[in-house]
Each structure stands twice: as structure tokens, then as C-alpha cells.
Amino acid sequence: MRDILIVDDSRAMRNFLRRALSMTSLEIGTVHEAENGLEALGVLDQHAVEVIFSDINMPVMDGAVFVAELARSETKRKIPVVVVSTDNSTERRNQMHALGAKGYIAKPFSPESLELEVTRLLWEASDDEN
Amino acid sequence: MTKTSLEDVLLASSTEVLETMFFADAMTPEAPQPEHTDAVACVLLCTGAQEGTFSVAIDRAALVSLSEAFYGDDGPPSAIKELELLCELTNMLAGSTLSAYAPEKYCPLSSPRLCDLAQHLKTAESTQPGAQSTTIYLDIDGGLLSVSTCLKVAA
């Protein structure tokens, strides 16, 4: 079972991501939630997760700053971050990857595409460990 | 791009969002001038490479239908959750349309906020020089959805 963290200021999107994950064949454990990057850093101090899904546009600490903060942390930098955003521009994708995001899912997305992206990331993570 | 292609992009993006995220069938209405019945509306602004306004109006019965599909088995959505969903829908439609219309540069979006139907109906009436505007209508389960935009390439 894989514990995950969803970071999004929209309760509707957090609910949808939970639901979409439950529609996949992924074995999901505890789903933690945070409304912004700062809150997410606090969650990560308390709980270990295997994948993080993060929005970009959020108050307090946005997704770009959050991903950059993770990349600076010795303990958290290995957790793969999947950006989930309505913004599918080349410029934004390149920016988030440069900051350290490992995956990018543009809305709208299906549970199938979500599963594919998570499977790819977990496979890459296990490959790195080996 | 011509005004027609903005309309095409808006229509294709809206249909894809509704089908993929809300499991909703969306059809172009047969009526030449469809009208809303008991609708709620939401608006946001975009900046960056494209500047402008996006607004969405939806009949309440259609919003209830979309909410039930989006939230799934979480029980009947409250009125507050339905309005949160309208804001999220507006955000998704704007982001998806802009990413298809101007895929190279990103356009920051403001937080969506509820507005009245009259304001939504004025979105596509802009007469700004160089601006392109359009409105599309879609029939979904429960009623009518309309999406309006007015966009201008930033100087």
C-alpha cells in the first residue's frame, strides 16, 4: 500500500483526485491532504509518503515554491512530485521540471492517465534505488 | 488565429473537460439562441501572453448533475460544494482552452469568483481593439452551460 499526499487549495480537486486514484488498480494506503505548499511541508514532517500530487496556483505557498523547497531538502527530495494543473503550456512544464517535479498531468485527465503516470514514476524510483 | 478558431478551441476544450472530468455528454443545443434557466455564473481573469476574461454560466439543475458525477459516492453535494465545483470548472475550462490556444506561453489565472448572469453575458461583448471574443453553448444533463471569453494578445 502506498501513502500519498495531495496538495491543492481546491477541495473539489482533492476529492476528485482521491476518487480517480480509487478507480485505478494502484494499491493506495493513506491519502494525506494539504491546501498549500507550506501546509504540505508540515504534513511531510509528520508522515512518510511515496508520491506527492501538487497543484501550482495556491495561496500562501504555491506549487513552484513548494517543489523548489522539496528539492532543497535532503530527506524529502527523493519523493516524486507529480504536478496536476490546468496549465499545459510548454513554458510551465519546463519550469516545473527544472524545479524538480518528476511528472506532470494536465487537466482534464482520466484515471487511466493518472495510473500510467504514477506507475512510470514508481518504476523510475525503484530503478534509481537499484 | 481567427475568431472562428477561438470558438473551435473553446468548444473542443469544454467538451473534453466535461467528458473526461465530469463524465458528462455535451451536445450543441438545437435552439439558435439558447437561454439559461435559473443559472449561476463564475468569472476569472487571465494575464501573461493572453490577457482577458473567462466566464461560465450553468443552470442550477445541470450543476447538481455535474456535482453528483464529479463527487461520486461521497453523498449528495451541498450547495457550497456545488459552487466550489463551478469555480473549479471555470478554472479548468480557462486553463484547458488557453493551453490549446496559446500552448507555448503560460497565462496566470486569477482565482475564480462567482458573478451574476448579466456580467457573464457581457464577457463576449467587449469592443477592445485587437480582442477576440466568443461564447459557446452546450446542453448537458439537467440544462444549459455557456462559456464566454474575450482574449487579447498582450503587448
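Preceding block: the structure.
The structure presented is a predicted model; accordingly, all values stated were derived computationally and were not measured.

## As for the overall build of chain A
Next, step 1: Scanning chain A for helices and strands turns up five helices and five strands.
Next, step 2: Counting helices and strands in the order they occur from the N terminus, chain A gives β-α-β-α-β-α-β-α-β-α.
Next, step 3: In terms of overall size, chain A behaves like a compact globule, its C-alpha atoms giving a radius of gyration of 13 Å where 130 residues would be expected to give roughly 14 Å.
Next, step 4: Seen along its three principal axes, the alpha-carbon backbone of chain A occupies a region of about 35 × 35 × 30 Å.
Next, step 5: Of all 130 residues assigned to chain A, the portion counted as buried reaches 38%.
Next, step 6: Long-range pairs, those at least 24 residues apart, make up 65% of the contacts in chain A between residues at least 6 apart in sequence.

## A look at the packing of helix α2 (residues 60–71) of chain B against helix α3 (residues 79–101) of chain B
All names here are of chain B.
Next, step 1: Relative orientation of the contacting elements α2 and α3 amounts to 90 degrees, with a least axis distance of 10 Å. Here α3 runs roughly perpendicular to α2, going by the angle between their axes. Touching Leu63, Val64, Leu66, Ser67, Phe70 and Tyr71 of α2 are Lys81, Glu82, Leu85 and Leu86, all from α3.
Next, step 2: In the contact of α2 with α3, the residues fall into seven nonpolar, one polar and two charged.

## Details of the sheet that holds strand β5 (residues 103–106) of chain A
Residue and element names in this part refer to chain A.
Next, step 1: Here we have five strands laid out as an open sheet, ordered β2-β1-β3-β4-β5, and parallel in their pairing. Two strands in the sheet have a free side with no partner beyond their single neighbour: β2 (28–34) and β5. Between one strand axis and the next, the sheet turns through 20 degrees on average, direction left out of account.
Next, step 2: Where strand β1 (residues 2–7) and strand β3 (residues 51–54) come together, four bridges link them in parallel fashion. If you follow Val7 over to β3, its bridge partner there is Ser54.

## A few points about the sheet that holds strand β1 (residues 39–46) of chain B
Residues and elements named next belong to chain B.
Next, step 1: Taken in spatial order, the five strands line up as β3-β1-β2-β5-β4 in an open sheet, and their pairing is antiparallel. The outermost strands of the open sheet, each flanked by one partner alone, are β3 (113–115) and β4 (132–140). Adjacent strand axes in the sheet meet at a mean angle of 20 degrees when their direction is disregarded.
Next, step 2: In this sheet, strand β5 (residues 143–153) lies alongside β4 in antiparallel orientation, the contact comprising nine bridges. Paired with Ser133 across the strands is Cys150, a residue of β5.
Next, step 3: Together, β1, β2 (50–59), β4 and β5 form the strand contacts of α2, whose direction differs from that of β2 by roughly 95 degrees.

About the cut-offs
Residues numbered from 1 in each chain as written. Chains lettered and ligands numbered in written order. Predicted model: local features only at pLDDT ≥ 70, side-chain atom pairs only at ≥ 80, totals over all residues. Helix = DSSP H or I, 4+ residues; strand = E, 2+ residues; numbered from the N terminus. Rg over C-alpha atoms; globule rule 2.2 N^0.38 Å. Buried ≥ 20, exposed ≤ 12 C-beta atoms within 10 Å, placed from the backbone. Contact = placed C-beta atoms within 7 Å. Axes fitted to C-alpha atoms, helices over the stretch in contact; angles between N-to-C directions. Parallel < 35°, antiparallel > 145°, perpendicular 65-115°, else oblique. Nonpolar A, V, L, I, M, F, W, Y, C, P; charged D, E, K, R; others polar. Pairing = 2+ DSSP bridges.

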